[in-house]
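Structural overview for review
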Amino acid sequence: MAYIITNACTGCGSCSRICPTQAITGEKKKIHTIVPDLCIECGSCGRICPAGAVEDAFGIASVRMKKSAWLAPVFDLKACMACVICLDACPVGCLAVGPPEGKDPNGYPRMADLSSCLGCGLCVAGCPADAITLAPRMAP
Amino acid sequence: MGNGYMGKVLIVDLGTRNITEEEIPDRIYRQYLSGMGLGAYMLYKHIPAGADPLGPDNMLGFVSGLLTGTGSLFTGRWTLVGKSPLTGGWGDANCGGTFSPAIKHCGYDGIFVRGISETPVYLYINDQGPELRDASQVWGKDTVETEAHFRKDWTGRQLGIACIGPAGEGVSLISGVSTDNGRMAARSGLGAVMGSKRLKAVVLAGNKRIVPRNRMEMKRISAICNKWVQFQPPFMTATMMAGTGALMRALPSVMAQDGLLYKMMLKKWGTVSMNQMSVEMGDSPIKNWKGSNRDWGLFKSHSSNPEAFSRCEEVKYHCYSCPLGCGGICSTTGKFQETHKPEYETVLSLGGLLLNKDIDSIFYLNELLNRAGMDSISAGHAVAFAIECYEEGVFTKKDTDGLELTWGNSEAIVSLIEKMVAREGIGHILADGVKQASLRIGKGSEAFAVHAGGQEPAMHDSRNDPGFALHYSVEPSPGKHTVGSGLYYEMFKLWQVVEGLPRVSPLYMKGSKYKADEDKAKAGAANSQFMNIVNGSGLCLFGALLGSKRIRVFDWLNAATGWTLTPQEYMAVGANVQTLRQAFNVRHGIEPKSFKVSDRALGRPIQTKGANKGRTVEIETMMRDYWLQFGWDPETGKPFHETIQELEAGL
């Protein structure tokens, strides 16, 4: 189940530059393609495509959004069990374990590099405790 | 729709530099699961009989767990498999951290290497595929420096790195493989196999997704487990734990243990919570297994009180998918600024086993051994062996390079271990474990070498819990404490979900533990079978100790794979894996009887004082009864010819 690029592609290369798995290939000004085996369905190609040329596995066209309007994870630390599944799920490594606070000796996940966050939600999908939601990102 | 596993493995020949993928049929996962089982399948298939463990024909496997990455909890462990140079037979070691999901993100359930490279190399895998690269820049570096080298300037998904340190490079037979800056897959001497192949590291940067069949069901079962993990009463103190151990020693009866208490201790302090408690109850071998709690009382062991570790713990460390977090990162003084919190095994093997009260030296040695990539259990035993040799006149000061090797002399202990890491002088003799050392030295020193089939047993005294004696002696990889014991059986509570297994009475007399009977054989076999499932799933032993109704591994496996197997059928899978591993040993010329743990660990001679006074273990009867449970020849411990033929037909 991978995303696909339609004929509306202008070959600008934005998608291949942002793809965290280098799954998109194509020459400049020519239609790009996604290697299905490498696609992890993060959707970042769709969010950045100026031509609206990306469709998800169900044929739904992605909508371009300004990066400042992309969503980013918010952690409910009461539900979080610090299992670090989210850190592993993140394809760009933008999360990190923070220092412990108060009497709790555990370190919990936090956003370490918002500028590289793709807003893909793979951390949300992986969290077994439903402790992560996506919300509009704060200005860095 | 996924089924939790990736369906293929990678095979790398370091000699020819040929890299191939092998598809694994679904029926193999159904027969053996992943992890330990898949490792056994691959090694049985690919290693020719009689292969030299340090030669090109040996195969070393890094295998993830079937449940790793599926939304289950406690399933971040991976298994290192290969023919052990320490025992000459099946070898496995297990480790947590973040490496296990990284294997699956590369699209494989296991990565297997064979052959020997002419020059040092590392294996790098990303989404574009695997590649062997030159490792000359990191060869000679310790494990922490090696990881730092690869992580420097890295951006993107966190890397999975497994590497060897100088001990593995020097083919020390007690070396292991490190991940996450010093978390060791330490046992079976498999670091030496990696070193012999000149493979410095495996660096993983894949992005493949791991998809279970029913993620919602996985989540539901995980929520049940997490509820029990988060239950934590606030009133426990470290001294209370030591007192509990003393009480357990004094009482003539035993209350069957519930894993929830152990979970609470682990969550609060980690494995060091057992430091004093174990000594008090007779669970920790003292003074190279010839001493007792009388030699290492509460006052002497006070420096290893769990609170001493909490005080310098900077942050708790959670392995992948672990809600408990028994690990920690501690600050230290001296050469190193921080270290992974030393584990119980390390503290006692470098502490009570040597009568070493100097906790600072233990912190230092913990980091030194982690960086060198050397097994702290075996290293502690090697030092204890050397001290006893010195005490008994086998070693003179000339033999010890001038070291005054006496019990508790922390400066000499540190120097000796530094020599072992560097393979200098006396350290060269000891760096291959106690069995090899005693063979080299002779002069009656074998009496001081405590081991099972060549591997040093862990810091759990088999005179206190004969279940440890059984599993030290009958497992295809002997001397390990992570398979079974009477205590583990009580905590697993398998009889709650598997029909036909003996129940443990909530209160029983201590003397009954030492009677070898059919129920104990059944319990021992169940432990082995269950731990093959646990290690096939990538599950942590500490998670499994919660009890089978609280951590529903069989339900997780069904939800992840889409299978509808019963717990009984899974236990049969565990038995298959055990038979395959034992058949591996038989094929490689191992006589299972020769793995019997040393006499000292069996109460021979019987101790005359201390917690284990008067106790002896009927090991021969126990081993025989255990082998009968698997349908193997009870006299030799070997599976019958027909059993092996049937097994090979199914490969």
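Just so it is clear, the structure is predicted and the values come from calculations on it, not from any experiment.

**Some remarks on the overall build of chain B**
Across its full length, chain B carries 25 helices and 17 strands. For chain B, the C-alpha atoms occupy an extent of roughly 60 × 55 × 55 Å along the three principal directions. Here the contacts in chain B between residues at least 6 apart in sequence split such that 73% fall between residues at least 24 apart. Carbon together with sulfur atoms contributes 53% to the accessible area of chain B, which is approximately 21,100 Å² in total. Charge separation in chain B, taken as the distance between the mean sites of 70 positive and 66 negative side-chain charges, equals 4 Å.

**Things to note about the packing of aromatic side chains**
All chains considered together, the criterion is met by 20 aromatic pairs over all chains. An angle of 85° between the planes, with centres 5.5 Å apart, marks the rings of B:F468 and B:Y488 as edge-to-face. Remark: B:Y488 occurs in helix α19 (residues 486-492) and B:F468 occurs in helix α18 (residues 466-474); sequence separation between them is 20 residues. Taking NZ or CZ as reference, A:R47 lies 5.2 Å from the ring centre of A:W70, over its face. Here the guanidinium or amino end of B:R587 rests over the ring plane of B:Y44, the centre of that ring lying 4.2 Å away.

**What about the domain arrangement of chain B?**
Residue and element names in this part refer to chain B. Domain annotation of chain B identifies domain 1 (8-205), domain 2 (260-448) and domain 3 (466-649). The gap between the C-alpha centroids of domain 2 and domain 3 is 27 Å. At the interface, 23 residues of domain 2 touch 15 residues of domain 3. Taken together, both faces of the contact between domain 2 and domain 3 bury some 1,400 Å²; the carbon and sulfur share is 59%. Among the residues domain 2 hides against domain 3, the three largest losses belong to L260, Y262 and W289. Together they make up 34% of the total. In this assembly, domain 2 and domain 3 are joined by seven residue pairs in polar contact (both at pLDDT 80 or more).

**Quick word on the interface of chain B and chain A**
One frequently used descriptor of interface size is the decrease in accessible area upon assembly of the parts. Contacts between the two partners involve 27 residues from chain B and, on the opposite side, 30 residues from chain A. Of the roughly 2,200 Å² buried at the junction of chain B and chain A (both faces included), carbon and sulfur atoms supply 52%. Ranking the residues of chain B by area buried against chain A places B:R157, B:R209 and B:K219 at the top, with a combined share of 25%. A salt bridge links B:K219 to A:D130; the nearest nitrogen and oxygen atoms lie 2.7 Å apart. Taken together, the links from chain B to chain A amount to nine residue pairs in polar contact (both at pLDDT 80 or more). Contributing elements (two or more residues each) for the side of chain B that touches chain A: α3 (99-105), α7 (215-230) and β14 (313-317) of chain B. Here the element with the most residues in the side of chain B that touches chain A is α7(B); it accounts for five residues.

**A short note on the packing of helix α13 (residues 359-372) of chain B against helix α15 (residues 410-422) of chain B**
Residue and element names in this part refer to chain B. Closest axis-to-axis distance for the α13/α15 pair is 11 Å, and the angle between their directions is 5°. Viewed along their axes, α13 and α15 adopt a mutual orientation that is roughly parallel. When α13 is examined against α15, the residues S361, Y364, L365, L368, L369 and A372 are found in contact with a partner set consisting of S410, I413, V414, I417, E418 and V421.

**What about the pattern of salt bridges?**
Residue and element names in this part refer to chain B. Per the counting criterion, the structure on display carries 34 salt bridges over all chains. The salt bridge partner of E388 is R600, with a shortest N-O separation of 2.5 Å. With E388 in helix α14 (residues 376-391) and R600 in the loop between α23 (567-587) and α24 (619-629), the pair connects residues that are 212 residues apart, well separated along the chain. Overall, the relative accessible area of 15% leaves R600 in the buried class. Across the pair D517 and K520 runs a salt bridge whose closest N-O atoms are separated by 3.5 Å.

**Concerning the domain arrangement of chain A**
All names here are of chain A. Domain boundaries assigned for chain A yield domain 1 (1-65) and domain 2 (68-136). A straight line from the C-alpha centre of domain 1 to that of domain 2 covers 25 Å. Listed as interface residues are eight residues of domain 1 and, on the opposing side, eight residues of domain 2. Summed over both sides, the interface between domain 1 and domain 2 buries roughly 710 Å², with carbon and sulfur atoms accounting for 73% of that surface. Applying the counting rule to domain 1 against domain 2 returns zero salt bridges. Our enumeration of links across domain 1 and domain 2 arrives at two residue pairs in polar contact (both at pLDDT 80 or more). By residue class, the composition of the side of domain 1 that touches domain 2 is six nonpolar, one polar and one charged.

**Quick look at helix α8 (residues 238-250) of chain B**
All names here are of chain B. Across its 13 residues, α8 extends 19 Å between first and last C-alpha, which sits within 8% of the 18 Å expected from 1.5 Å per residue. Looking at α8, one finds that the buried residues are A238, M241, A242, G245 and A246. An end-on view of α8 places all buried positions within 140° of arc, on one side of the element. Exposed side of α8, more than 90 degrees from the buried face: T239 and A250 are the residues found there. Where α8 is buried, its residues touch α9 (259-268), α10 (275-281) and α11 (306-311).

**Quick notes on the sheet that holds strand β5 (residues 90-95) of chain B**
Residues and elements named next belong to chain B. A sheet is described by the order of its strands in space; here six strands give the open sequence β2-β1-β6-β3-β4-β5, paired in mixed fashion. Two strands lie at the open edges of the sheet, namely β2 (18-23) and β5, each paired on one side alone. Strand-to-strand twist of the sheet, defined as the mean angle between neighbouring strand axes without regard to direction, takes the value 15°. Of the strand pairs in this sheet, strand β1 (residues 8-13) and β2 are connected by six bridges, and their pairing is antiparallel. Bridging from a neighbouring strand, V12 pairs with I19 of β2. Sheet strands touched by helix α2 (residues 35-46): β1, β2, β3 (60-63), β4 (78-83), β5 and β6 (110-114). Its angle to β4, the strand with the most contacts, is close to 20°.

What counts and what doesn't
Residues numbered from 1 in each chain as written. Chains lettered and ligands numbered in written order. Predicted model: local features only at pLDDT ≥ 70, side-chain atom pairs only at ≥ 80, totals over all residues. Heavy atoms only, no water. Helix = DSSP H or I, 4+ residues; strand = E, 2+ residues; numbered from the N terminus. Contact = heavy atoms within 4.5 Å. Areas by Shrake-Rupley, 256 points an atom, 1.4 Å probe, with all protein chains shown as cover. Lys, Arg positive; Asp, Glu negative; His and termini not counted. Charge placed at Lys NZ, Arg CZ, Asp CG, Glu CD. Phe/Tyr/Trp six-rings, centres within 6.5 Å; stacked < 30°, edge-to-face > 60°. Lys NZ or Arg CZ within 6 Å of the ring centre and 35° of its normal. Domains from an automatic or database assignment. Buried area = accessible area lost by both parts, 1.4 Å probe. Polar contact = N/O pair within 3.5 Å; in protein donor to acceptor, adjacent residues only side chain to side chain. Salt bridge = Lys/Arg side-chain N within 4 Å of Asp/Glu carboxyl O. Axes fitted to C-alpha atoms, helices over the stretch in contact; angles between N-to-C directions. Parallel < 35°, antiparallel > 145°, perpendicular 65-115°, else oblique. Buried < 20%, exposed > 50% of the residue type's maximum accessible area, 1.4 Å probe, protein only. Nonpolar A, V, L, I, M, F, W, Y, C, P; charged D, E, K, R; others polar. Expected span 1.5 Å × (residues − 1). Arc of directions from axis to C-beta. Pairing = 2+ DSSP bridges.

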